[in-house]
Amino acid sequence: MPLVTTATAEHRIGGSQKVRDRNCTAGDELLPIDLFNKVSSDTSRMGTDGLLRGSKPNIIVIVADDMGWNDVGFHGTNEIPTPNIDALAYNGVILNSHYTQAMCTPSRSAFLTGKYPIHLGMQHLVILEPEPWGLPLNETLLPQHLKNNGYKTHAIGKWHLGFHKKEYTPTYRGFDSHFGYWQGFHDYYDHTIHATYTNEHGYDMRRNMRVDWDAKGKYSTTLFTEEAVKIIKEHNTDHPMFMYFAHLAPHAGNDQDPLQAPDEEIAKFSHIIDPERRIYAAMMSMMDRSVGEVVNALREKRMLHNTIILFMSDNGGATVGIHANTGSNYPFRGMKNSPFEGAMRCAAAVWSPLIKKPQRVFNDMMHISDWLPTLYSAAGLNRTELGAIDGIDMWKSISDDEKGPRTELLYNIDDVWKMGAIRRNKWKYLYGSVTKKDHWYGTAGTDSHYQYDVDAILESKTASALAGVTTYQQIHEKHNNFRHKPLNKTDYSVQILDSSTVQRLREEATVKCKDREPLNISPEYICNPSIAPCLFNLKDDPCEMTNLANDHPLTMKIFKDAIEQLRKTAVPPKNIPRDPKADPALHNGTWTNWNDIEDIQKEKIPVNILSPLAIGLITTACLYVIINITRITRMQLRTYIATFSLACLAITIYSPVCLSLWGLCWLSIFVILFGLIAISWVHILLSSRHKGGLGIERVQQELELFRNNLMHDYDLMKTKSPQNHLPVIFGRTLDSLLQQLLDYIIRDYIFYYFNKYAYKPELTRESIKEDMWGAIEVLHERFSRVDHAKLIACDVVLKITNHFERIREAKSLVAESDHYPLFKLSPHLLSKQKELEYLRQVSELLMMFLLPRGYLLSPAKYFLREVLTCKVLYPTIDNITDPDYFNQNVLVYIEAQKVTAAIHRKTFEYANSFEDFLKLIQKSNDVELLKRFRYDIVTKIMQATTLQNLKRAKGVDPDVEKGSSGTAINKSEINAARKLKRYITQLTFAKKECEKRLGELGWDVGYQYQDEKVLPLSSILDNVLGRRYLTQFLETVASQGLVGYYTTVEELKSAQRKNWHQIGAEIFYTYIRNPTGEIKVDKSTKKRMEAFLLGDKGPEVFYEVQQQVVQIIEDKYYQPFIHSDYYKQMIIAIESEDVTEVDGTASLEERSGSGDTAAQDNSLHVGDHSNYARKKLDQLQEKLNNKMQALQALKSSLKPESRVLSILEREVEWLQGEKRQLEAHLVRTEIWGENLGKWRAVVQSAEVVDEKETLSFVVIVDMIEKDSVEGEEEITSGWVVSRTLMQFQELHRKLRPLCSNLKNLELPSQSFKFLFGKNDKNSLEKAKSQIQKYLQFILEDDRLNQSEAIYSFLSPSSEHLKHTTPSTKKSKFSFSTLFKSNSSEQNSKDSTYSLRESEDEDISQYLDGLGSVDSGDIKFNGVSGKIVDDVIKSWWPAGNLAGPKQERSDDTKRKTAVEAREQFINNVPEVLITLVGTSAAKNGAKKIFDTLQNKMMNKQLFYDLLETIMIEAFPELNINN
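How each quantity is defined
Residues numbered from 1 in each chain as written. Predicted model: local features only at pLDDT ≥ 70, side-chain atom pairs only at ≥ 80, totals over all residues. Heavy atoms only, no water. Helix = DSSP H or I, 4+ residues; strand = E, 2+ residues; numbered from the N terminus. Buried < 20%, exposed > 50% of the residue type's maximum accessible area, 1.4 Å probe, protein only. Contact = heavy atoms within 4.5 Å. Areas by Shrake-Rupley, 256 points an atom, 1.4 Å probe, with all protein chains shown as cover. Pairing = 2+ DSSP bridges. Axes fitted to C-alpha atoms, helices over the stretch in contact; angles between N-to-C directions. Patch = residues over 30% accessible without salt bridge, like charges linked within 9 Å, V, L, I, M, F, W, Y side chains within 5 Å. Salt bridge = Lys/Arg side-chain N within 4 Å of Asp/Glu carboxyl O. Disulfide = S-S within 2.5 Å. Expected span 1.5 Å × (residues − 1). Bend = angle between axes of the 7 residues up to and from the residue.

1. Notes on the overall build of the protein
Part 1 of the reasoning: The helix and strand inventory of the protein stands at 51 helices and 23 strands.
Part 2 of the reasoning: Considering the protein as a whole, with its 1521 residues, one finds that 48% of them fall into the buried category.
Part 3 of the reasoning: Long-range contacts, defined as pairs at least 24 residues apart, comprise 74% of the intrachain contacts of the protein with a sequence gap of at least 6.
Part 4 of the reasoning: Approximately 76700 Å² of the protein is accessible, and the part contributed by carbon and sulfur atoms is 54%.

As structure tokens, then:
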């Protein structure tokens, strides 16, 4: 049979046939006949897999620079497609635990030498551009070893191992050729590099030792790819080839333009929002295409069948910081140049037909130094030639899927930065760190708008080429093993890649972690390596989230000793400081081997014998100077210089002929005469007419003309009228205040310095003002996109909560130790200088985001930065965080509140008529009077609306002549109802006019002032209790179906699409078609609903009717409801529910003591379970009622065999079962809570489950009611649960922060199943007794047995019933705990405080914003206007910059503090008193006030809030997005 397989052959991939010829051209053959026949004939060298044995394989090493773990598709990201790299990985072996060094130079030195950098002196930093050091010359590198064994060696791209002398460059270190650059990076197009920490700048692109100027302007990745393809095509296949292809991509270029890619490539990634990440993706795509071109070139050269291809990154991505490229190391912690996994666990894969078991993931440890012995072994060379190295031969493990021999791995030991790490098996020990590189960086790349294209991988050039090699291997397997039997796909040892294999390998290679950066981890498990060493279990915690150092002190000691032993073998770092002679400006603008040039210059050059010509020239020059010395001119001076230049040139002329003295004399005379004539002639030609001082005058005239033109143009520019009208941003009033503030800032802070040096600075002043106004506009636009509700209610509240939590934890140390409470501050608050440096960074960020780019150029950048930092930000922050400033403002605010309250108590008299009253409103300029008008109007509207609804309930409707019952109504009653309706209309109009006038005077009309207890209808309908009481009220007027319709439509909105028609049918037959229903719809609406049921239209018609239902409820029943007893009962029920939750949490904290710091989420009272179950029961009951009502309606409308009816019956049955479970759980929870301390748990048995091989315990939980006379216990209730050892350990972890004595209790070891057999009864009994002792302890402890964690653990209820809904009280700290007093405080002054009497309450405070808005807020467009006006008045009184404030004495500050404390405590808001009680509210206020008396703590809180707000306004700063 013919054995021909070409690139156009059809083969099955993923179950479908596709002709894969799009990447092939005519004449390209994957498996040429002649090659096949040649190999087939040499059976003595042929393996069973069809590959040549005995010949050395070609080795291709492709290195990516600074590529992140999650920047290739085979690790789980969908963001950046890398089809060629993925195809290489999936066809070969994915190295999932491949480690490098944390930076470029150490990684490359370890790869080429097989040694750890500490044994080379390369362990610290990298070789910076002007530093004269490199990889030691006494080391033999991988290309040198291979060259000695017949390999042709080539290097392409990056070197970065030294170049100050030629001996350190690639062609002197074993490579036959090198095309690339010697430094660590360069610009992708012009190939220049700007030194990292200095100002040197030069060209760096070499072909061997020669500077390659022809490469300038071409993209680096393309250049390197073309060079690699060219070398492969020109290679003589009689010799094996080693190619070291070190890409520049995706390393950043120079800081001015770090990320670069062709525009057409960038356009392919428009789906990536981050523009820098978009360019990075294009850079990755170009490198991926390069991999495909290299593999395809190997295929065309017929070298692929005997080649090893290794692809890897030299270190993790540089997400942020210097040379940042946005690389993603997700999900690992850290980034380039850190001791964490994100820096050194890097993407790598290897492919070769020599690998016996490909298409798999290799999870054993491998270090980059292992590649020297591994590749040596794969090439069949003698391993002993390599000498003593650190690398381990991993070829057998990679090829045959054997267990990896490496059990220990040294990350690094850097004694300069005091940083290092080591791993043994699953344990990793690290110490020291680099600032700001210890977090979790990068994106997951799994957003829904990203798609992983498997077809692109299977159709890539790499996949096509490797498929041919696989086919080649299968042909030989077929002829050697399967000649006489049918073939199946699984018969072959190697398969062509298909989609199922891709998905399987991708899933195996994706590392998963529970959370990216845990926020609620216990402090003892947080790793801060700059303070103390850390220990991680990488098997269970690959993302390094939980520091286990405190749990394993012996392991820490072993690792510390191991580090010390390795340190003894280390070579000191060879780093040498910058050499100024390296400056490219000294070497034709290129980075070169400058020390070689210096050596050449140091060599002595022999002095040549002066020739007669030289003597003649020098003599002529001397005579000419002597003759003309007294009348030298400028032109003559040039002649002299030319003559001397010729003379100096003549000195170097060497004449080997010995002339006689006579000949020398004649020749000298001839040269002298010729020289005089020649010089005179040149002098005449170069001389011009004498002009005296005319030249100087002309120059002066030209300078004056230039100055006049310059000033004239400037005056023309000045005559242009500046922009008189800046765009409106906030409003007329606030904008004018902000513009006034800008004028003052520019005048007193910028032009105070600038005015002396500016020429007519008015235009400059206007330009700066326009730019700053533009900055405010940009800032406003950014904040308009912020989710304000989330920012205030979540982010800001969380920051404040965490701040007070940390303060409370710090104070709790007083009870445990003798020292003063310690509060950890941010590093920038440790000194004024650090704080100023931090504010300079903030200022630069603000300038970068808000101002035009011109302000970022020096010196304007530094000038404006210093102004913002030293004159604006620092004084402002220092002032507002000063406790004395806070105390003064407390007194001012409380005094203003008292004045406001007095104004509210004033009364007014209405005008004689409605028209006069409207005129009074329209002419009034008194804001407080208008607010009082509005309050009284709203009160009367409520009264009149209530009366109107009562009449409607009796059937008296002004819109109809007859009542709803059909009986005639008295005409006088109808007239009275109409008058009442007109009265309400007038009041409503007056209210709108009043609000309109208030808006004209600056009142924020959009802010709805209302009583807190008057809930809007939307809030009532969104609350389960609200809907229940509203339904009960509507039942009195037979309109309860309105709420039912609303609830069912809400269910329709949140339902899956497949359930739409089921719910729609329930709505239609229950509320629309039912003739007794109160929801009336016209025929067209009903037809649209029927069309939905038939599947012709969407559910929008139900939503429209829902809006009508809400409007009916609001118009007819809302006002009567809020004045009914049902509303009062609803408010009481809602408040009691909330108070129960707060009191449940607080009561536990009171029992625990106010100084307790362990009030975590696992310390929640078990009553939370009961509260959660009650809420869920209410929701289920409501849903069950709706379903029952729908079922009854459907039974009367549909046939019994209807599918809709059967589905609804099953839902009702399920809901009833769920309700029974909830009721049982509720009863069980209440019994548990009522009998705390009476429960016991008995371990019945302990066994090892066969399936999971884990230790499991059967526990009987029961309650001891009482003891009988005989001493026997009476058991009243209980249950049986089964729990594993891992669940007990998880419970122990939750309870340990609550009780320090728990640490003394031992649980069975996790390694129980390995140390003991499951039939070892003694071991099982010991484990059983340990668990019994543990349960007995936690159930007898009065504090622990109230924990939510214990009840969750021992309860037999379903898991979804055990967890409470997320709430703020699950935090370690809540404001309810703040207002709970200490036991010593509860007895003090309780009798002196009492709740405010109801008759003293002013309802206008609730209608008008709880009295919290004073007159200043209204006059200046709300709080913002007030703040701006206060700043202007305090800093620029009377329009002039205020002088330094008079320093207040300490006695004055203390008196102010005492008075402010008293006022602050005695003026607690009524809402707070109502919520937590008088005593608790005052104690809480006291704690808050005392906490705010520490300036540094105030600054810490301020900066925390500032960072939170800046991240929201500038999401670019958020590194987790």
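Back to the write-up after that little detour.
2. Focus on the sheet that holds strand S17 (residues 408-414)
Part 1 of the reasoning: Strand order in the open sheet formed by four strands is S17-S18-S19-S20, with antiparallel pairing between adjacent strands. Looking at the sheet topology across the chains shown, the edges are occupied by S17 and strand S20 (534-537). Adjacent strand axes in the sheet meet at a mean angle of 15° when their direction is disregarded.
Part 2 of the reasoning: In terms of strand pairing, strand S19 (residues 427-431) meets S20 through four bridges, oriented antiparallel. Bridge pairing in S20 places Lys 428 opposite Phe 536.

3. Quick word on a nonpolar patch on the surface
Part 1 of the reasoning: Nonpolar side chains collect at one region of the surface, where Trp 666, Ile 669 and Leu 673 lie side by side and expose about 330 Å² of accessible area between them.
Part 2 of the reasoning: For Trp 666, the position within the fold is in helix H18 (residues 661-686).

4. Some points on the state of the cysteines
Part 1 of the reasoning: All told, the structure shown has two disulfides when counted by the stated rule.
Part 2 of the reasoning: At a sulfur-sulfur separation of 1.7 Å, the disulfide partner of Cys 513 is Cys 543. One disulfide, between Cys 513 and Cys 543, carries an S-S torsion of 70° and so falls in the right-handed class. Separated by 30 residues along the polypeptide, Cys 513 in the loop between helix H13 (499-509) and S20 and Cys 543 in the loop between S20 and helix H14 (553-568) bring together distant segments of the chain.
Part 3 of the reasoning: By relative accessible area, which is 26% here, Cys 513 ends up partly exposed.
Part 4 of the reasoning: For Cys 543, a relative accessible area of 0% translates into the label buried.
Part 5 of the reasoning: The disulfide bridge from Cys 527 ends at Cys 534, spanning 2.1 Å between sulfur atoms. Taking the sign of the S-S torsion, 95° for the link of Cys 527 and Cys 534, the bridge is right-handed. The exposure classification of Cys 527 matches that of Cys 534, with both residues buried.
Part 6 of the reasoning: Along the protein, the cysteines engaged in disulfide bonds are linked according to the scheme 1-4, 2-3 when indexed in sequence order.

5. Some words on the pairing of strand S6 (residues 152-158)
Looking along a regular strand, one sees the side chains alternate between the two faces of the sheet.
Part 1 of the reasoning: With six of seven residues buried, S6 lies mostly within the body of the structure.
Part 2 of the reasoning: As paired elements, S6 and strand S12 (residues 241-246) share six bridges and run parallel to each other. Residue pairing in the sheet places Ala 155 in a bridge with Tyr 244 of S12.
Part 3 of the reasoning: One ladder, built from five bridges, connects S6 with strand S7 (residues 177-181); its direction is parallel. Pairing of Ile 156 across the sheet is with Phe 179, part of S7.

6. Observations concerning unusual backbone geometry
Part 1 of the reasoning: Here the amide bond leading from Ala 249 into Pro 250 is cis, since omega sits at -5°, within 30 degrees of zero.
Part 2 of the reasoning: Considering the arrangement of structural elements, one finds Pro 250 in the loop between S12 and helix H6 (263-266).
Part 3 of the reasoning: A positive phi angle, close to 60°, is found at Leu 125, a residue other than glycine.
Part 4 of the reasoning: Looking at where Leu 125 falls in the secondary structure, it is placed in the loop between helix H3 (104-113) and helix H4 (142-148).
Part 5 of the reasoning: Residue Asn 208 is not a glycine yet carries a positive backbone phi of 60°.
Part 6 of the reasoning: Of note, Asn 208 is situated in the loop between strand S10 (206-207) and strand S11 (210-211).

7. Quick notes on the environment of Ala 1442
Part 1 of the reasoning: The residue Ala 1442 is located in the loop between helix H47 (1423-1435) and helix H48 (1450-1466) in this model.
Part 2 of the reasoning: Here Ala 1442 falls in the partly exposed class, since its relative accessible area comes to 31%.
Part 3 of the reasoning: Taking the C-alpha atoms as reference points, Ala 1442 and Ile 1432, 10 residues apart in sequence, are found 9.9 Å from one another.
Part 4 of the reasoning: In this structure Ala 1442 touches Ser 1434, Trp 1435, Trp 1436 and Pro 1437, once residues within four positions along its chain are discounted.

8. Some thoughts on helix H24 (residues 860-880)
Part 1 of the reasoning: The end-to-end C-alpha separation of H24 is 28 Å, in line with the 30 Å expected for 21 residues at 1.5 Å each.
Part 2 of the reasoning: In the structure, H24 departs most strongly from a straight axis at Thr 869, where the bend amounts to approximately 35°.
Part 3 of the reasoning: All of the buried residues in H24 are Leu 864, Arg 865, Val 867, Thr 869, Tyr 874 and Ile 877.

9. Considering the environment of Tyr 749
Part 1 of the reasoning: When you line up the elements, Tyr 749 lands in helix H20 (residues 732-754).
Part 2 of the reasoning: As for Tyr 749 and Leu 1441, which are separated by 692 residues in sequence, their C-alpha atoms are 9.8 Å apart.
Part 3 of the reasoning: Apart from the residues within four sequence positions on either side, Tyr 749 is in contact with Tyr 744, Phe 863, Val 867, Lys 871, Trp 1435, Trp 1436 and Leu 1441.

10. Re the pairing of strand S14 (residues 348-351)
Part 1 of the reasoning: Taking every second residue as pointing to the same face, both faces of S14 are buried, with Ala 348 and Val 350 on one and Ala 349 and Trp 351 on the other.
Part 2 of the reasoning: Pairing of strand S4 (residues 93-95) with S14, which is carried by two bridges, proceeds in the antiparallel orientation. From the neighbouring strand, Val 93 faces S14, where its bridge partner is Val 350.
Part 3 of the reasoning: Pairing analysis gives four bridges linking strand S13 (residues 307-313) to S14, with the strands arranged antiparallel. Considered in S14, the bridge of Leu 310 is made with Val 350.

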